[in-house]
Amino acid sequence: DRFLGSLTDAETGMPFLYAYRDHFPALALADGMRYVQTSAAPGSVVTIWLKRRTEYQQKRMKEPYPGIYTHGEILFPGESLCYYITVRENEIEKLCTSGTLACDLAEDPTEGESRYALTSRLIRAKTQNDRDTIRETLGLLYKNEFLSEKLFPLPEDT
């Protein structure tokens with residue numbers, strides 16, 4: 001637990017860590033996370049450029065292990081992001097790779113108990129006029145909201 005805790009405290013994103021989300025609740029926050037991983041010389045400045053609407057936004061990739069660089073983005077089903085990765089060497093940025101991060105529509109967005117999953121379940125139930133599921137899902141959403149407010153109050157709420 002200490003090892004996984006140190007990785008989540010450092011906001012280190014590695015795809016294999018998500019397999020431990022049932023044993024370490026902090027990893028469940030990465031629900032829907034998609035990762036890009038690349039390698040370069042240890043200590044390099046590796047930047048990912050993500051296309052947001054009409055322009056690219058740059059973010060420095062994290063280096064959880066020497067020479068291994070990762071970046072994670074939470075995507076909703078059907079969403080995709082184009083990206084390219086550059087490595088800075090001797091004040092010159094070189095294109096390393098490019099691609100697309102995508103979340104498959106075939107994934108069931110109503111699985112799980114995350115706020116997104118419950119909202120998706122509520123929308124589906126409302127569309128199908130399934131009153132029992134609407135009532136059950138609203139109860140879970142309100143319960144989660146109540147627990148969140150009590151366990152993690154915002155500074156102005158205390």
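Residues numbered from 1 in each chain as written. Predicted model: local features only at pLDDT ≥ 70, side-chain atom pairs only at ≥ 80, totals over all residues. Heavy atoms only, no water.

Caption draft 1: Fine view of the sheet that holds strand β4 (residues 62-65). An order of β1-β5-β4 is seen for the three strands of this open sheet, with the pairing classed as antiparallel. Strands at the two margins of the open sheet, each flanked by one partner only, are β1 (33-39) and β4. On average, each strand axis in the sheet is tilted by 40° relative to the strand beside it, whichever way the strands run. (Pairing = 2+ DSSP bridges. Helix = DSSP H or I, 4+ residues; strand = E, 2+ residues; numbered from the N terminus. Axes fitted to C-alpha atoms, helices over the stretch in contact; angles between N-to-C directions.)

Caption draft 2: Spatial organisation of the nonpolar core. Residues V36, V46, I48, M61, Y83, I85 and L101 are the most contacted members of the largest nonpolar core, which totals 14 residues. Mapped by element, the contributors of at least two residues to this core are β2 (45-52) and β6 (80-89). Residue contributions to this core peak at four residues, all from β6. Among residues more than four places away in sequence, those in contact with V46 are T38, A40, K59, R60, M61, Y69, I85, T86 and V87. L118, L122, L140 and L141 belong to the second largest nonpolar core, which has six residues in total. (Core = buried A, V, L, I, M, F, W, Y, C linked by side-chain atoms within 4.5 Å. Buried < 20%, exposed > 50% of the residue type's maximum accessible area, 1.4 Å probe, protein only. Contact = heavy atoms within 4.5 Å.)

Caption draft 3: Here's a closer look at helix α3 (residues 131-151). For α3, which comprises 21 residues, the first-to-last C-alpha distance of 30 Å matches the rise-based estimate of 30 Å (1.5 Å per residue) to within 8%. Buried within α3 we find I134, T137, L140 and L141. The buried residues of α3 occupy one face: seen down the axis, they fall within an arc of 135°. Along α3, exposed side chains directed more than 90 degrees from the buried face belong to R131, D132, R135, E136, Y142 and K150. Here the buried face of α3 lies against α2 (115-127). (Expected span 1.5 Å × (residues − 1). Arc of directions from axis to C-beta.)

Caption draft 4: Layout of the sheet that holds strand β7 (residues 92-102). The strand order across the open sheet formed by four strands is β3-β2-β6-β7, and the pairing between neighbours is antiparallel. Taken across any chain shown, the strands that pair with only one partner, and hence form the sheet edges, are β3 (55-60) and β7. Looking at each pair of strands side by side, their axes are set apart by 25° on average, direction ignored. Alignment of β2 against β3, held across six bridges, turns out to be antiparallel. Counted as the bridge partner of T47 is R60 from β3.

Caption draft 5: Just the environment of G99, in detail. By the element assignment, G99 lies in strand β7. According to the relative accessible area criterion, G99 is partly exposed, its value standing at 25%. The residues contacting G99, other than those within four sequence positions of it, are L81, C82 and Y83.

Caption draft 6: Up close: the pairing of strand β5 (residues 68-74). For β1 and β5, the ladder comprises seven bridges, and the chain directions are antiparallel. Within the sheet, the bridge partner assigned to R34 lies in β5 and is E73. In this sheet, β5 lies alongside β4 in antiparallel orientation, the contact comprising two bridges. Bridge pairing in β5 links K62 to T70. Between β4 and β5, which follow one another and run antiparallel, lie two residues, and G67 among them has a positive phi close to 85°.

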